[in-house]
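Coordinates in review
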Amino acid sequence: MKAVPQAQANRSTASPGARDAAVATRAAELRKNWLRGRWLHYWQPEDERFWAIAGKRIARKNLVFSIFAEHLGFSIWVLWTILVVNLPNAGIDVTLAEQFWLTAVPNLVGSFLRIPYTFAVARFGGRLWTFASAALLLIPALAVALVVPSGWLAAQAPDTQFWILLACAASAGLGGGNFSSSMANISFFYPDGKKGLPLGLNAAGGNLGVAVTQLVVPLVIVIGVPAAELADPVHEVKLAYAGWMWVPLLVVAALCALLFMDSIADARTDRRSYVQALTEPHTLIMSILYIGTFGSFIGYSFSLPLVIKNTFPEFLAENPFIATYLGGLAFLGALVGSVSRPFGGWLSDRWGGARVTLACFLGMGAFTLLAIAGIASRSFPLFLGSYLVIFTLSGMGNGSTYRMIPAIFATLGRRHARSSGQSESAVRNEFKRRAAAVIGIAGAVGAFGGFLIQLVFRQASLGVSAAMKQADTVAEKLRIAEANADWAIPALAVFCAGYAVFAAMTWFFYLRRSFAVGRVPSIAAEATV
């Protein structure tokens, strides 16, 4: 028979009054030094007394610094979306296809890093890993500040230049992993019934880093450049500023994490739950659906500046202020997509995550058709307006799919309890851990979907990219760009078909009331997913 630890035995035999007094004493001790970062060997957020005295205050402190660090992670992750459209202004000649590689590789690296970053919190503690992950972002920032604008890079052969740029861009993928570690860390601080809002704020605050980068960096890299020169298609840019501007912020984020954040000693990422989650068919289904939501958000965030520049060159030439200072207005998409994410979760609580997800996919497909119409009619307002709606729906879909996962696994847990004869409470925690594992897995797979979007755009651009490479003058390149301005339509047609598939999957697996497909159990009749 397994021995019961003495401390646990004492707690179980103590009177309710004594337990309340012990909780209050420990909470008061934590509150005295709530600002100082440390290991928390006693953390009971489910205890209402502990939560009221100290837990809520400490959790909010960690949430604030986590949002700050994660925001910078997203900012660095998408930094190359602005750099690639300004490389020609810096005298670095890369083709459109190569530009898509320079934005796709950070997306790919960040996707792969999401799984190990999730486990890093349990291995090193939330405080130390937030410090380390913020400090690591100095690598891509300094690469942009010191390598990209250097005379050494300019002296290299074109092929060598591209591979050096690709290595610098790949280092920006470090920012893509921050989301998973930040979400995993913050989830340990809050009680189960109060996780929704802080996790939504954490995710939205991080996603906003995309919009901030795409708005602010175009302004920073032209500081000191005469306004009259900025109206020219080719003008001076100071790419080093795009790296240096983040260095002090990253130092502050790293130091704040080290000095003020906390690590929970009992926080553990259960590897066994990951293995079990990987065998569950719903893990694959939800990961595919998350490709359609978060994959769309991050994929379009990375690619839209390039798409706008090479699809509407005549509009940008007529509006140099928008082209130079506002990055072709690409930042607006990431902004509305970030803000709409919590709204998607709220609607899912009222109507069910599957219904909201289905509506989002149908809407994204319809407005992708409108974006195609905008390209065909040479209407930049119609194209941009359509994409703002697509971003909004993708953000809402991010929230609704994350809402579906715990509902699905709660239902599977009840089924397992009935079939095994175990009490529901005995299996609840196990399936909650599996749901948490699926969130991590889906986050990584969904981010990989952003890479797929950029890959499709790159393939669609190969024809115009080859023609542009052979052009000798800026005027000839502009003429080719205008003559091939519809190059992105085949890619958009692929995405439209993809949204139809995602919508059909959502309906078939989670809204159709009676079905059984292979090993995939029917759950629609038992829960509002």
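In this text the structure is predicted, and so the values were computed from the model without any measurement.

Glancing now at the overall build of the protein. From N to C terminus, the protein includes 23 helices and 2 strands. Residues counted as buried form 56% of the 529 residues belonging to the protein. Within the protein, counting contacts between residues at least 6 apart in sequence, those at least 24 apart form 83% of the total.

The α-helix winds at 3.6 residues per turn, so residues separated by three or four positions along the chain end up facing the same way. For helix α9 (residues 158-171), which comprises 14 residues, the first-to-last C-alpha distance of 20 Å matches the rise-based estimate of 20 Å (1.5 Å per residue) to within 8%. Among all positions in α9, only Gln161, Phe162, Ile164, Leu165, Leu166, Cys168, Ala169 and Ser171 are buried. Those residues of α9 hidden inside the fold are in contact with α4 (80-86), α5 (96-124), α7 (138-147), α8 (151-154) and α10 (174-189).

The subject of this paragraph is the pattern of salt bridges. Summed over all chains, the structure comprises 2 salt bridges. Between arginine 38 and aspartate 262 there is a salt bridge whose closest N-O contact spans 2.7 Å. Remark: aspartate 262 occurs in the loop between α13 (247-260) and β2 (263-264) and arginine 38 occurs in the loop between α2 (16-32) and β1 (39-40); sequence separation between them is 224 residues. The same class applies to arginine 38 and to aspartate 262, which are both buried. Linking aspartate 262 and lysine 61 is a salt bridge whose minimum nitrogen-to-oxygen distance equals 2.8 Å. Separated by 201 residues along the polypeptide, aspartate 262 in the loop between α13 and β2 and lysine 61 in helix α3 (residues 48-77) bring together distant segments of the chain. Overall, the relative accessible area of 6% leaves lysine 61 in the buried class.

Counting 145 residues, the largest nonpolar core has Trp80, Phe383, Tyr387 and Phe457 as the members making the most contacts within it. It is helix α20 (residues 380-420) that contributes the most residues to this core, 15 residues altogether. Residue contacts for tyrosine 387: discarding those within four places in its chain leaves Tyr300, Leu304, Ala371, Phe457 and Leu492.

Positive phi is not limited to glycine here, since arginine 378 has a value of about 60 degrees. When you line up the elements, arginine 378 lands in the loop between α19 (353-376) and α20.

Any empty space left between the atoms is revealed when a probe the size of a water molecule rolls over them. Under the counting rule described, the total for this entry stands at 2 cavities of 30 Å³ or more. Ser66, Ala69, Glu70, Val121, Gly126, Trp129, Thr130, Ser133, Asn178, Ser181, Ser182 and Asn185 together form the lining of the largest cavity. Listed by contribution, the elements that provide at least two residues to the lining of the largest cavity are α3, α6 (126-136) and α10. The class makeup of the residues in the lining of the largest cavity is 3 nonpolar, 8 polar and 1 charged.

Let us look at the side chain of glutamate 70. Following the sequence through the fold, glutamate 70 ends up in helix α3. Only 3.1 Å separates the side chain of glutamate 70 from the side chain of asparagine 202, close enough to count as a polar contact. Those residues within four positions of glutamate 70 in sequence are excluded, and the remaining contacts are Asn178, Phe179, Ser182, Asn202, Ala203 and Gly206.

This next bit is on the environment of leucine 165. With respect to the helices and strands, the residue leucine 165 is situated in helix α9. For leucine 165, a relative accessible area of 0% translates into the label buried. Separated by 21 residues in sequence, leucine 165 and valine 144 have C-alpha atoms that sit 9.2 Å apart. Setting aside residues up to four positions removed in sequence, leucine 165 forms contacts with Trp80, Leu87, Ile92, Val94, Leu102, Val148 and Leu153.

Analysis parameters
Position numbers for residues start from 1 in each chain and track the written sequence from start to end. Where totals are concerned, whole chains, interfaces and linings use all residues; where local detail is concerned, this predicted model gives features only for residues with pLDDT of at least 70, and gives and counts side-chain atom pairs only at 80 or more. Values shown for side chains rest on all heavy atoms present in the structure; no hydrogens or waters enter the calculation. Each helix is a run of DSSP H or I of at least 4 residues and each strand a run of E of at least 2, with the numbering of both proceeding from the N terminus. Burial status follows relative accessibility: with a 1.4 Å probe on protein chains alone, a residue under 20% of its type maximum counts as buried, one over 50% as exposed, and anything between as partly exposed. Between two residues, a contact is recorded if the distance between any of their heavy atoms is within 4.5 Å. To estimate how far a helix should reach, multiply one less than its number of residues by 1.5 Å. In what follows, salt bridge is the name for a side-chain nitrogen of Lys or Arg lying within 4 Å of a carboxyl oxygen of Asp or Glu. In plain words, nonpolar cores are sets of buried Ala, Val, Leu, Ile, Met, Phe, Trp, Tyr and Cys residues tied together by side-chain atoms within 4.5 Å. Cavities and pockets are found on a 1 Å grid laid over the protein atoms alone: a cavity is a set of points where a 1.4 Å probe fits but cannot escape, a pocket is an open set with protein on both sides within 12 Å along at least five of seven lines, and a lining residue has an atom within 4 Å of such a point. Grid points are joined across faces, edges and corners, and a volume is the space filled by probe spheres set on the points. Polar here means any residue outside two lists: the nonpolar Ala, Val, Leu, Ile, Met, Phe, Trp, Tyr, Cys and Pro, and the charged Asp, Glu, Lys and Arg; Gly therefore counts as polar. Nitrogen and oxygen atoms within 3.5 Å of one another constitute a polar contact, given that in protein one can donate a hydrogen and the other can accept it, and given that sequence-neighbouring residues count only through two side-chain atoms.

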